[in-house]
Amino acid sequence: AYCTGRDLVGNILSPFLCFVCTAFILHGVFAHGKRWFGWVVASLGILIWGIAETLWAVWGPLLHQDPEASVFLSCVYMLANLSILVSVLYLALYDRRRWASFQFLLDISAISFLLTGFIYFVILNRFFDHLIFFRNPINVSRLVSLILNMFILSFAISIIFSMNRKKVPFFLNLSFLGIVL
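Below or above, wherever it landed, is the structure these notes cover. Remember, predicted model here, so these are calculated numbers, not experimental data.

1. Some thoughts on helix H2 (residues 36–63)
Stage number 1. Its 28 residues give H2 an end-to-end C-alpha distance of 38 Å, which sits within 8% of 40 Å, the value for a rise of 1.5 Å per residue.
Stage number 2. A maximum bend of about 30° is found in H2 at Ala57, where proline Pro61 lies one to four positions downstream.
Stage number 3. Directly after H2, the chain includes His64, whose backbone phi takes a positive value near 55°.

Below is the structure:
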């Protein structure tokens, strides 16, 4: 029951949309050439996510294994998150004239670790025995992914809120919406 019914549609649609988004971003980067490094890294993250989604879809039927139990797939998703984080960091530091860069990074790091700590110790704490949790590589990669996601979300929110509302470009609003969702 890895890929049936609604899962089949999701397993086909998700990678397809990732690849389409990657193509659109790369087209925009090469057409306009602004901040190309950040956007290429973002498209790389989306491409990696699409590859991970494709692997997820075929993992069960081909290997007869549960994709959720795969350390490899968990690390591929984590790599996609890392690419998106690098992209957000680059785009944030590209316009660093708007804020005190070191203080901004320090604030975001503190917020991210506090959010991760809150989620782990308040919400997830009751589900795990701490010693056993860190021996399982899937749990460790999921915790690292959670930390990366908190950094991405914190940076995105801080960037949007630190900009003048009237001067926020449409593509940043759209990117922010995609990160939050």
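2. Considerations on the packing of aromatic side chains
Stage number 1. If you walk through the whole model with that rule in mind, you get five aromatic pairs.
Stage number 2. Summarising the aromatic geometry, the rings of Trp36 and Phe37 are spaced 6.3 Å apart at their centres and angled 85° between planes, so their arrangement reads as edge-to-face.
Stage number 3. Looking at Phe37, the relative accessible area reads 38%, which means it is partly exposed.
Stage number 4. Both rings, one in Trp59 and one in Phe72, keep their centres 6.3 Å apart while their planes meet at 15°; by these two values the pair is stacked. Here Phe72 lies in helix H3 (residues 71–94) and Trp59 lies in helix H2, a separation of 13 residues in the sequence.
Stage number 5. Its relative accessible area of 13% is what places Trp59 among the buried residues.

3. Some thoughts on the nonpolar core
Stage number 1. Residues Met78, Leu85, Val88, Ala92, Ile108, Leu148, Phe151, Ile152, Phe155 and Ile159 constitute the largest nonpolar core, which totals 10 residues.
Stage number 2. Take this core: its biggest share by element is five residues, from helix H6 (residues 137–162).
Stage number 3. With sequence-adjacent residues up to four places away left out, Met78 is seen in contact with Ser141, Val144, Ser145 and Leu148.

4. Describing H3
Stage number 1. In this model, H3 (24 residues) spans 34 Å end to end at C-alpha, consistent with the 34 Å of a helix rising 1.5 Å per residue.
Stage number 2. For H3, the capping residue at the N-terminal end is Ser70, with a side-chain oxygen 3.4 Å from the backbone nitrogen of Phe72.

5. Brief notes about the environment of Cys75
Stage number 1. Take Cys75: it is sitting in helix H3.
Stage number 2. When the C-alpha atoms of Cys75 and Ile138 are compared, they prove to be 8.2 Å apart, with 63 residues separating the residues in sequence.

The rules behind the values
- Residues numbered from 1 in each chain as written.
- Predicted model: local features only at pLDDT ≥ 70, side-chain atom pairs only at ≥ 80, totals over all residues.
- Heavy atoms only, no water.
- Helix = DSSP H or I, 4+ residues; strand = E, 2+ residues; numbered from the N terminus.
- Expected span 1.5 Å × (residues − 1).
- Bend = angle between axes of the 7 residues up to and from the residue.
- Phe/Tyr/Trp six-rings, centres within 6.5 Å; stacked < 30°, edge-to-face > 60°.
- Buried < 20%, exposed > 50% of the residue type's maximum accessible area, 1.4 Å probe, protein only.
- Core = buried A, V, L, I, M, F, W, Y, C linked by side-chain atoms within 4.5 Å.
- Contact = heavy atoms within 4.5 Å.
- Polar contact = N/O pair within 3.5 Å; in protein donor to acceptor, adjacent residues only side chain to side chain.

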